[in-house]
Amino acid sequence: QVQLVESGGGLVQAGGSRRLSCVVSGRTFSTYTMGWFRQAPGKDREFVAAISWSGGSTYYADSVKGRFTISRDNAKNTVYLQMNSLKPEDTAVYYCAADRGILYIGSYYQWEYDYWGQGTQVTVSS
């Protein structure tokens with residue numbers, strides 16, 4: 001059973017930074033495409049970023065491009081989301097997700113992912 005555990009959420013002021021981590025159990029982490037999604041109150045879950053198994057390719061939502069960076073450490077079974085220049089509209093529960101397939105256009109969509117974490121709350125105060 002693959003388990004994903006996010007951490008790093010919390011309260012941060014607008015303009016500040018935060019780094020989220022997601023540790024994945026199991027021996028096949030290095031083969032997964034990994035993604036981050038978020039869900040704000042009253043809104044649908046939306047794509048934030050995704051990274052290929054090697055870390056060589058990444059996708060970002062337009063709303064976070066230039067501010068957020070996704071990365072991974074396959075030796076530590078961990079994917080990260082570095083969030084800079086945070087805005088109040090970034091407030092959401094952030095979820096990491098794992099896909100057994102390759103990074104491609106489908107990686108923008110929730111249905112592509114096979115495993116999900118429980119989420120971590122990020123609140124950005126103005």
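Owing to the predicted nature of the structure, the values given are computational and were not obtained by experimental measurement. (Residues numbered from 1 in each chain as written. Predicted model: local features only at pLDDT ≥ 70, side-chain atom pairs only at ≥ 80, totals over all residues. Heavy atoms only, no water.)

J.: Got a minute to help me understand the pattern of salt bridges in this structure?
T.: Where charged atoms from two side chains of opposite charge approach closely, those side chains can pair. According to the stated counting rule, one finds five salt bridges in the structure shown. With a shortest N-O distance of 3.2 Å, Lys-65 and Asp-62 are connected by a salt bridge. A relative accessible area of 67% means that Asp-62 is categorised as exposed. Residue Asp-90 pairs with Arg-67 through a salt bridge whose shortest N-O separation is 2.8 Å. Here Asp-90 is found in the loop between strand 8 (78-83) and strand 9 (92-99), whereas its partner Arg-67 is found in the loop between strand 6 (58-60) and strand 7 (68-73), with 23 residues between them in sequence. By the burial criterion, Asp-90 is buried, and Arg-67 matches it. Several salt bridges converge on common partners, so that one network encompasses Arg-38, Glu-46, Arg-67 and Asp-90. (Salt bridge = Lys/Arg side-chain N within 4 Å of Asp/Glu carboxyl O. Buried < 20%, exposed > 50% of the residue type's maximum accessible area, 1.4 Å probe, protein only. Helix = DSSP H or I, 4+ residues; strand = E, 2+ residues; numbered from the N terminus.)

J.: Is there a simple way to explain the nonpolar core in this structure?
T.: A general tendency of soluble globular proteins is for nonpolar side chains to be buried together. By size, the foremost hydrophobic cluster in this structure holds 36 residues, and its most contacted members are Leu-4, Met-34, Trp-36, Leu-81 and Tyr-94. Every element with two or more residues in this core is listed here: strand 3 (18-24), strand 4 (33-39), strand 5 (46-51), strand 7, strand 8, strand 9 and strand 11 (120-125). When residues no more than four places from it in sequence are discounted, the contact partners of Met-34 are Leu-4, Val-24, Phe-29, Ala-49, Ala-50, Ile-51, Ile-70, Arg-72, Val-79, Ala-97, Ala-98 and Tyr-113. (Core = buried A, V, L, I, M, F, W, Y, C linked by side-chain atoms within 4.5 Å. Contact = heavy atoms within 4.5 Å.)

J.: Hey, could you run me through the environment of Ser-125 in this one?
T.: Mapped onto the elements of the fold, Ser-125 is located in strand 11. For Ser-125, a relative accessible area of 26% corresponds to the partly exposed category. With 40 residues separating them in the primary sequence, Ser-125 and Ser-85 have C-alpha atoms 12 Å apart. Not counting the four nearest positions on each side in its chain, Ser-125 is found in contact with Leu-11, Val-12, Gln-13 and Ala-14.

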